[in-house]
Number of protein chains: 2
Amino acid sequence: MTDAPRLFEQVCDHARETAVLGSIEALCEWDERTYMPAAAGSYRADQITLLAGMLHDRHTDPQLGEWLEQLVGSELTADPHSDTATTIREMRREFEKRAKLPKRLVEELARAAVLGQQSWQAARAADDFAAFAPQLEQIVRLKREEAQTLAMGDCLYDGLLDDFEPHEKTVDVTRVLGELRDDLALLVAEIAASGRAPNRDILARDYPIDDQRRLGRQAAAAIGFDFGRGRLDDTTHPFCTGLGPDDCRLTTRYRTDDMADSLFSTLHEAGHGIYDQGLRSEWYGLPPGSAVSLGIHESQSRMWENFVGRSRAFWQHFFPQAQEIFPAQLGDVTLDEFYWAVNDVRPTLIRTESDEATYNLHIIVRFELEQALLEGDLQVSELPAAWNEKYQTLLGITPPNDTLGVLQDIHWSGGAIGYFPTYSLGNLYAAQLFAAADRALGGLDEMFARGEFLPLKTWLNENIHASGQCRSAAELAEHLTGEPLSHRHLIKHLRAKLGPLYGVAAG
Amino acid sequence: MTDAPRLFEQVCDHARETAVLGSIEALCEWDERTYMPAAAGSYRADQITLLAGMLHDRHTDPQLGEWLEQLVGSELTADPHSDTATTIREMRREFEKRAKLPKRLVEELARAAVLGQQSWQAARAADDFAAFAPQLEQIVRLKREEAQTLAMGDCLYDGLLDDFEPHEKTVDVTRVLGELRDDLALLVAEIAASGRAPNRDILARDYPIDDQRRLGRQAAAAIGFDFGRGRLDDTTHPFCTGLGPDDCRLTTRYRTDDMADSLFSTLHEAGHGIYDQGLRSEWYGLPPGSAVSLGIHESQSRMWENFVGRSRAFWQHFFPQAQEIFPAQLGDVTLDEFYWAVNDVRPTLIRTESDEATYNLHIIVRFELEQALLEGDLQVSELPAAWNEKYQTLLGITPPNDTLGVLQDIHWSGGAIGYFPTYSLGNLYAAQLFAAADRALGGLDEMFARGEFLPLKTWLNENIHASGQCRSAAELAEHLTGEPLSHRHLIKHLRAKLGPLYGVAAG
């Protein structure tokens with residue numbers, strides 16, 4: 001007879017040690033993108049490649065596979081949402097997926113990702129797509145091989161999407177993003193036709209970086225990011241990463257001519273960080289203590305960035321603090337002027353600087369292009385032209401160069417193909433979950449206006465963060481909101497906010 | 001017949017992969033001491049412990065031992081100073097040493113070191129030696145077990161000293177430090193009796209940290225530290241570490257009331273960094289591309305800090321730059337006032353802030369105490385009193401509390417027992433090697449006064465850095481200077497510099 005609890009402990013110990021190794025790799029990557037000297041890139045690739053190989057060995061350890069096999073059907077799996085059943089189910093799923101991949105491919109991908117990012121950084125700075133193209137070609141080739149080897153679902157893309165959004169299918173994402181696009185295109189067109197615009201110049205006054213840093217930290221701390229268990233550093237392309245149960249690293253960048261850029265990116269990353277810090281530490285590195293998907297992760301960052309940070313209520317509380325830090329720049333600005341300026345909607349070139357409404361059109365461009373690259377319907381050399389064409393079609397603008405176009409994002413250079421749609425899923429989940437929290441807690445806006453963010457954070461901690469992977473993203477959303485994922489909540493939110501500002505229909 | 005070149009390549013590949021893993025551990029430690037959030041300490045200990053165990057497995061891999069065994073006596077060992085012979089000799093020595101240590105002890109030591117440093121940091125901040133004592137007791141117990149297991153040389157201490165100063169023996173260090181102490185005591189007494197003192201207050205004017213940062217970077221770059229292949233960050237206890245062949249990390253700390261503290265600590269760490277950056281990258285992680293000993297490493301840091309940085313010639317060149325950065329603080333100060341202020345000699349409490357002459361008395365206190373702890377002649381509980389007594393005897397002062405006394409240094413908390421004497425060996429090597437460089441290059445002072453530091457750096461690169469471990473520290477010094485290590489060069493240097501300042505005998 002199998003001693004399931006003893007076996008289960010062995011599985012957990014194995015996973016915990018893997019998590020320690022994984023967190024070391026995360027530190028290597030964090031350092032690469034924050035402090036590492038430029039010349040150290042090639043040796044850093046050696047370091048990350050070595051760790052990736054070791055991690056692959058542990059993830060695909062046949063002993064682990066046997067243990068998991070023996071646990072299937074044991075009493076520990078009786079309740080599918082329990083921590084034990086979740087651990088066994090998700091680890092087994094992950095094991096079977098990874099076991100398909102040859103170590104050679106995993107190591108090649110790890111190295112290509114590090115070198116790709118370094119090549120991308122140089123190419124972006126020099127506006128030289130051709131210099132980056134060979135690296136990108138290799139990455140696409142390796143990712144295609146990965147997708148073919150995984151052979152999950154109906155199309156190649158399913159296998160890559162699953163890395164970021166487990167259990168999600170390309171066909172479902174295509175449907176919901178299609179519906180979203182139609183309603184968004186209408187809204188964006190109405191706003192453009194309104195002829196109205198806020199005074200965005202007030203955000204472009206000279207904002208010294210040290211003061212922006214202070215405001216950003218203040219805002220992140222106010223919404224509940226715990227700086228005793230985390231940090232905020234500078235980088236080129238902001239991200240958040242966890243290096244351990246009590247070590248969450250946020251990063252941001254600063255522009256002296258746009259104070260909104262770093263402020264909202266800091267709130268965004270802090271939203272990710274609050275999720276990480278809300279995971280149950282006793283299950284660190286195991287499915288019950290891990291984020292359920294990138295879509296849900298992004299729902300947390302977007303909720304704090306947009307549903308909280310871009311709300312009028314938030315600025316009722318926070319604007320006096322901003323004025324105190326920037327008396328010369330914001331002293332003559334009213335709350336409403338500022339609120340509108342940070343909610344300005346208009347087609348722009350850069351995804352990370354785009355507004356809440358047009359943002360998802362940027363994602364749809366990438367979602368379509370990366371599927372075409374993967375399927376071989378589009379060659380890397382054709383990518384810049386295809387990118388520009390789609391921007392013209394969907395957003396009505398054409399990038400003047402590749403730095404402001406196809407070279408703007410880090411993702412593909414690091415091998416992250418299948419990642420982009422999780423941003424839009426995140427926006428949709430954010431809207432739907434925020435509406436549920438608002439119903440459950442009643443009057444979030446009044447709380448924000450009083451500077452009370454703890455009730456929302458606690459609701460998210462209890463209902464989303466603590467759930468780990470006990471329910472899939474889609475299951476969790478349906479469980480908490482009573483309906484499957486729909487684009488309607490986001491459209492409703494946008495119209496309710498933007499209607500009064502631009503004089504377009506509010507619902 | 002053995003194919004020695006093929007075997008040798010296998011050995012090198014093995015060592016190179018070990019070096020990659022070792023550099024990852026170094027990154028974990030660097031981050032712990034610069035940016036890691038306080039709450040992340042216990043997980044960081046898990047990370048470092050895991051890596052230490054993996055490293056131990058690789059260092060003691062029986063396959064490696066067999067390969068090395070087969071290479072002994074091969075044609076590759078014909079010239080003892082060749083890269084191949086050095087690799088085989090030093091790796092075999094290291095293998096045999098490490099193979100004696102059980103993995104359990106190695107992991108316990110790694111964990112005790114991380115937790116010990118964290119405990120020390122808190123105890124130092126709270127001036128609470130008792131809170132740190134249990135950790136230190138454990139460390140002493142483990143280090144004693146290590147020394148007993150290694151059983152190198154005539155006394156327990158030999159085994160620990162060898163980690164930092166390979167091939168060196170306690171009895172020889174005791175002799176040379178004894179001779180140094182006698183001559184130093186005389187010099188320090190003469191200076192005290194002179195009744196003369198510089199105006200140190202000029203260094204204690206309000207020096208903003210950002211400006212100090214600028215001056216420190218400028219000085220480090222001027223003497224030849226390559227910021228394209230390295231960095232300078234803030235920490236509590238300055239150190240330098242290498243995270244790869246092109247990734248050297250310096251750290252320093254800043255005090256607004258003592259501009260000399262960070263400036264000379266930056267020059268010191270930059271000296272270490274210049275050694276690291278001067279090692280042959282193609283041998284990275286192998287004996288021909290590794291530092292020969294901590295004593296020689298320290299000779300490089302002390303040479304740039306004291307023999308260059310505290311020379312009058314250096315300030316002839318650099319003082320106008322310092323005045324430009326600090327016009328309000330240094331505008332009314334003369335070169336000679338400043339030069340004397342940074343060369344002030346008097347007994348003080350803190351080793352890292354002490355002057356060139358009394359510094360070695362601080363080391364002798366630690367060297368004697370750690371031997372007594374290890375042999376069991378002194379209990380941890382008796383350490384603070386013993387520390388204070390020795391300070392009274394050797395320096396004529398008694399620390400008012402343990403933060404300014406026994407808790408000031410990080411070393412013991414991290415398991416580094418046997419490290420301290422390498423500081424004094426470094427001072428002695430620095431004096432002897434600097435004299436040789438001066439003879440070889442002729443008129444270093446004139447070069448410094450013109451801001452020319454490259455000739456000295458190049459001489460060090462070619463004669464010391466490029467030599468790696470092809471000669472032991474003692475062999476290298478004798479090879480370059482024509483005589484064995486002696487305390488006389490340091491005494492000569494100190495008397496030549498301090499004689500005119502204090503009106504005592506200059507030779």
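Note: the structure precedes this text.
Residues numbered from 1 in each chain as written. Chains lettered and ligands numbered in written order. Predicted model: local features only at pLDDT ≥ 70, side-chain atom pairs only at ≥ 80, totals over all residues. Heavy atoms only, no water.

Asks: How should I be thinking about the sheet that holds strand 3 (residues 248–252) of chain B in this particular structure?
Replies: Two pairing modes exist for strands in a sheet, parallel and antiparallel, and in both the strands are linked by backbone hydrogen bonds. All names here are of chain B. Ordered in space as 1-3-2, the three strands form an open sheet in which the pairing is mixed. Looking along the sheet, the strands with just one partner apiece sit at the ends: strand 1 (230–234) and strand 2 (240–242). In this sheet, neighbouring strand axes are inclined to one another by 20 degrees on average, regardless of whether the strands run parallel or antiparallel. (Pairing = 2+ DSSP bridges. Helix = DSSP H or I, 4+ residues; strand = E, 2+ residues; numbered from the N terminus. Axes fitted to C-alpha atoms, helices over the stretch in contact; angles between N-to-C directions.)

Asks: Looking at this structure, how should I read the environment of A:Pro347?
Replies: On the secondary structure map, A:Pro347 appears in the loop between helix 14 (335–341) and helix 15 (359–375). Residues contacting A:Pro347, with those up to four places away along its chain left out, are A:Thr358, A:Leu395 and A:Ile397. (Contact = heavy atoms within 4.5 Å.)

Asks: Please explain the sheet that holds strand 3 (residues 248–252) of chain A as it appears in this structure.
Replies: Residue and element names in this part refer to chain A. If you walk across this open sheet you meet the three strands as 1-3-2, and the pairing is mixed. The two strands at the open ends of the sheet, each matched to only one other strand, are strand 1 (230–234) and strand 2 (240–242). For this sheet, the mean inter-axis angle between neighbouring strands, taken without regard to orientation, is 20 degrees. Pairing of strand 2 with strand 3, which is carried by three bridges, proceeds in the antiparallel orientation. Note that in strand 3 the partner of Thr 241 across the bridge is Arg 249.

Asks: Explanation requested: the packing of aromatic side chains in the structure shown.
Replies: When we look at a pair of aromatic rings, we describe it by the centre distance and by the angle of the planes. Overall, the coordinates contain 53 aromatic pairs over all chains when judged by the stated rule. Centroid distance A:Tyr157 to A:Phe367: 5.5 Å. Interplanar angle 70 degrees. Geometry classified as edge-to-face. Taken together, the positions of A:Tyr157 in helix 7 (residues 156–164) and A:Phe367 in helix 15 put the pair 210 residues apart, joining distant regions of the chain. Neither A:Tyr157 nor A:Phe367 differs from the other in exposure class; each is buried. Consider the rings of B:Tyr207 and B:Phe326, whose centres lie 4.8 Å apart with planes at 80 degrees: the pair is edge-to-face. One end of the pair, B:Tyr207, is in the loop between helix 8 (170–194) and helix 9 (209–223); the other, B:Phe326, is in the loop between helix 12 (312–325) and helix 13 (327–330), and 119 residues separate them in sequence. There is no split in this pair, since B:Tyr207 and B:Phe326 are both buried. These aromatic residues form a ring-pair network of at least three members: A:Phe264, A:Phe307, A:Phe314, A:Trp315, A:Phe318, A:Phe319, A:Phe338, A:Phe434, A:Phe448 and A:Phe453. For A:Arg310, the ring lying beneath its charged end belongs to A:Phe264, and the centroid distance is 3.9 Å. Just above the ring of B:Phe420 sits the side chain of B:Arg366; from NZ or CZ to the centre is 5.5 Å. (Phe/Tyr/Trp six-rings, centres within 6.5 Å; stacked < 30°, edge-to-face > 60°. Buried < 20%, exposed > 50% of the residue type's maximum accessible area, 1.4 Å probe, protein only. Lys NZ or Arg CZ within 6 Å of the ring centre and 35° of its normal.)

Asks: I tried to follow the side chain of A:Ser311 on my own but got confused; where do I start?
Replies: All names here are of chain A. Residue placement: Ser 311 occurs in the loop between helix 11 (294–308) and helix 12 (312–325). For Ser 311, a relative accessible area of 7% translates into the label buried. Other than its neighbours up to four places away in sequence, Ser 311 contacts Asn 306, Tyr 339, Asp 445 and Phe 448.

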